[in-house]
Amino acid sequence: MENMRATLKETNGMLAAHGTKDLSVSQITEEIFKKCGGYGLFQKKLTLLVLIYMIIDAYQFLTMAFIREKVPFACYPSNFNESMIPLNTTLDEFLNEVTVKEEKCSVYNLDTKEGFYILPTGNSTEEPCNNGRKFYIKDRSSIVSEFDLVCEKEWMRNIAVSSLFAGLLLGHLLVGVCSDKFGRFKTFFVGEIIYSCFSIAKIHSPDYTVFVVMYFFEGLGQAGTYIILFTILLECVTQNYKMRLNFLMHGTFALGEILLAGVAYALRKWQHLLYATCIPHIVIFFTISKFLPESPRWLLNKGRFTEAEKSFSKIAKMNKKDDEDVIDLVREFQMEAEREHKLDVEVVENKNLGNKKGSNKTYTAIDLLKRPRRAMITTNIWFNWFVNSMVYYGVTLNSVDMSGDRYLNFLLVSTIEIPASILGCLMFNWFGHRKPIVFFMVFGGINCIVSNFLPKGNFWFPLVLTVLGKLGATASFDGVYLLSAELFPTTVRNSGSGAGSSFAKVGAILSPIILGLSVYGSWVPLSVYGVFGITAGLLILLLPEMKDACLLQTLEDMDNL
């Protein structure tokens, strides 16, 4: 006990010496985790489960890139009768002849002679492809062939993806508030149930409208799963591990993308692909739910000290550390918090436990905008979420539509995320947490602009630039995740990051719309991406450096940066 008090006194003395006494709550929290073993067996098991989940999550989530791919088709002429096909001509050969080669959504109007169609000549008239279509689904199928999303309906092909992002946008706003109010674990569990149910249900959708609605609710449920696990893991370790774990998690996400490229190549039917990705996700969900803890930092911040003591005691014992010192330090945290009014704590009489629970006061993302310093930091981070997502998802989703093999393209832009994460981790370790993000975003922006001046008609130039752009977008996106966890305090960490993720989904939704600006000039879309990337990157320089800082606990901590 005396040693613990000496540690606390030393910590407070150090804080006072730096004139930042308001950070004492955060510093004491850091001391508790150090007493628990820092990064012991508990954290290693948690990390392993989270990394496996990340692989499966990417494996399922990015199926959107393949289930919407185009499928070859042919048009039926008006009043089509298969018995009138000329002799010695197969149905496929006939449809290929009557389809206008220059315009796949037009078909020749045929005459008949002696009960058979006359194959079209140069004088044959054309008519729209409104009489039905045959999709060649022997080699592959997608929602395009399932729901006839071609010709006049082709614009609907990406509506499903937009509905998924719309669900994610709304979900991130709700999940952020719920996880900060009700807890990380409960919100994760409810979100996963919704995610799993609707991901299976959408495979059996009777029509495209139902499919779109199902995809929306799948996004709503999926919204908080990734970011909550990310938050829980970072809130269960000491500050010197947060950067490495951040890049490890995002690099592992890329393994799921690589796995998806192989499975999508093997399973060309969209229903088979979805089953092959949904089922492993459900299995890992129930596995991880048995071990996943509630965030101890969140319990402390809510003033739920009895639960926090149990949680820290469990961690310490698994890490083979003495839990008595840990419990004593939690109680010192409680006294310090009450004395300095860091937490709004009310006493609830409980003769058996003497428990203290947090009040109903819950902060939201709006609180991050109530003071100028907070607002500057918050809007800067949210803007960077928006821009990074615009580039990241634009490159990923459009890689399968580029010339060349769609599976190879997707594999290359996925594989580059691993060296991007490694490079990002090294640069963050060497140069701090701001400058690398600036470099990667400016690099990506310049890459987009310069690509407008390269020779056209070469397949490899666009692919190389796409891969390099994905490298920059991945490394900077990883950095923005880390900055959000570092700069948003535990009080509103998931609310702030959830709102940032919502802005990210707006960027993802706008990305294909920006590509449509090519009608005003082929140089416009990439130039827009480039300008946004460079601007957002330079704005990062206005944020405080957080490399050696511990995770913030309260809004006051954020104000004192």
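Presented here is a report on the structure given in the accompanying data block. If you're wondering where the values come from, they're calculated on a predicted model, not measured in any experiment.

1. Brief notes about the side chain of Asp 180
Thinking step 1. Among the structural elements, Asp 180 can be located in helix α7 (residues 159-182).
Thinking step 2. Looking at Asp 180, its side chain comes within polar contact range of the side chain of Ser 495, at 2.6 Å.
Thinking step 3. Excluding anything up to four places from it in sequence, Asp 180 contacts Trp 298, Lys 302, Thr 490, Thr 491, Val 492, Arg 493, Asn 494 and Ser 495.

2. Quick word on the packing of helix α3 (residues 41-61) against helix α9 (residues 208-234)
Thinking step 1. At their nearest, the axes of α3 and α9 sit 11 Å apart, and the two run at 150° to each other. One way to sum up the angle between α3 and α9 is to call them roughly antiparallel. Crossing handedness for the pair α3 and α9: left-handed. On α9, the residues that touch Leu 46, Thr 47, Val 50, Tyr 53, Met 54, Asp 57, Gln 60 and Phe 61 of α3 are Glu 218, Gln 222, Thr 225, Tyr 226, Leu 229, Phe 230, Ile 232 and Leu 233.
Thinking step 2. Of the residues contributing to the contact of α3 with α9, the split by class is 10 nonpolar, 4 polar and 2 charged.

3. Let's talk about the state of the cysteines
Thinking step 1. Under the counting rule described, the total for this entry stands at 2 disulfides.
Thinking step 2. Through a disulfide, Cys 75 is tied to Cys 129; the S-S separation comes to 2.1 Å. A torsion of -110° about the S-S bond marks the disulfide between Cys 75 and Cys 129 as left-handed. A residue pair is termed long-range when its members are at least 10 positions apart, and Cys 75 in strand β1 (residues 73-75) and Cys 129 in the loop between β5 (126-128) and β6 (133-135) qualify at 54 residues.
Thinking step 3. For Cys 75, a relative accessible area of 0% gives the class buried.
Thinking step 4. A relative accessible area of 1% places Cys 129 in the buried class.
Thinking step 5. In this structure Cys 236 is not part of a disulfide, and its nearest cysteine sulfur, from Cys 36, lies 9.7 Å away.
Thinking step 6. Owing to a relative accessible area of 0%, Cys 236 belongs among the buried residues under this scheme.

4. What about helix α11 (residues 270-289)?
Thinking step 1. Taking 1.5 Å of rise per residue, 20 residues should cover 28 Å, and α11 covers 29 Å from first to last C-alpha, within 8% of that figure.
Thinking step 2. Buried residues of α11: Trp 270, Leu 273, Leu 274, Thr 277, Cys 278, His 281, Ile 284, Phe 285, Ile 288 and Ser 289, and no others. All buried residues of α11 fall inside an arc of 135° around its axis, so they share one side.
Thinking step 3. On the buried face of α11, the contacting elements are α3, α4 (64-67), α6 (143-146), α8 (184-201), α9 and α10 (239-266).

5. Section: the nonpolar core
Thinking step 1. In this structure, Leu 46, Phe 61, Phe 211 and Phe 312 are the most contacted members of the largest nonpolar core, which totals 143 residues.
Thinking step 2. Broken down by element, the residue count for this core peaks at 13 residues, all from α9.
Thinking step 3. Beyond its immediate sequence surroundings of up to four residues, Phe 211 is in contact with Ile 67, Ile 143, Phe 147, Ala 160, Lys 202, Ser 205 and Trp 270.
Thinking step 4. If you look at the next biggest cluster of nonpolar residues, it comprises 8 residues, including Val 413, Ala 420, Phe 440 and Val 467.

6. Side note on the pattern of salt bridges
Thinking step 1. This structure, assessed with the given rule, holds 17 salt bridges.
Thinking step 2. Salt-bridge contacts for Arg 374 lead to Asp 559; the nearest nitrogen and oxygen are separated by 2.7 Å. Taken together, the residues span a long stretch of sequence, with Arg 374 in helix α15 (residues 372-398) and Asp 559 in helix α22 (residues 555-559) at a distance of 185 residues. For the pair formed by Arg 374 and Asp 559, the shared burial category is buried.
Thinking step 3. The salt bridge partner of Arg 434 is Glu 545, with a shortest N-O separation of 3.9 Å. Highlighted residues: Arg 434 in the loop between α17 (417-431) and α18 (435-450) and Glu 545 in the loop between α21 (524-539) and α22, separated in sequence by 111 residues.
Thinking step 4. Note on Glu 545: relative accessible area 34%, which makes it partly exposed.
Thinking step 5. One connected set of salt bridges, linked through shared partners, spans Asp 180, Arg 184, Glu 235 and Arg 493.

Cut-offs used in this document
- Residues numbered from 1 in each chain as written.
- Predicted model: local features only at pLDDT ≥ 70, side-chain atom pairs only at ≥ 80, totals over all residues.
- Heavy atoms only, no water.
- Helix = DSSP H or I, 4+ residues; strand = E, 2+ residues; numbered from the N terminus.
- Polar contact = N/O pair within 3.5 Å; in protein donor to acceptor, adjacent residues only side chain to side chain.
- Contact = heavy atoms within 4.5 Å.
- Axes fitted to C-alpha atoms, helices over the stretch in contact; angles between N-to-C directions.
- Parallel < 35°, antiparallel > 145°, perpendicular 65-115°, else oblique.
- Left-handed = near helix turned anticlockwise from the far one by under 90°.
- Nonpolar A, V, L, I, M, F, W, Y, C, P; charged D, E, K, R; others polar.
- Disulfide = S-S within 2.5 Å.
- Buried < 20%, exposed > 50% of the residue type's maximum accessible area, 1.4 Å probe, protein only.
- Expected span 1.5 Å × (residues − 1).
- Arc of directions from axis to C-beta.
- Core = buried A, V, L, I, M, F, W, Y, C linked by side-chain atoms within 4.5 Å.
- Salt bridge = Lys/Arg side-chain N within 4 Å of Asp/Glu carboxyl O.

Without other data, these values stay purely geometric and don't point to any function.
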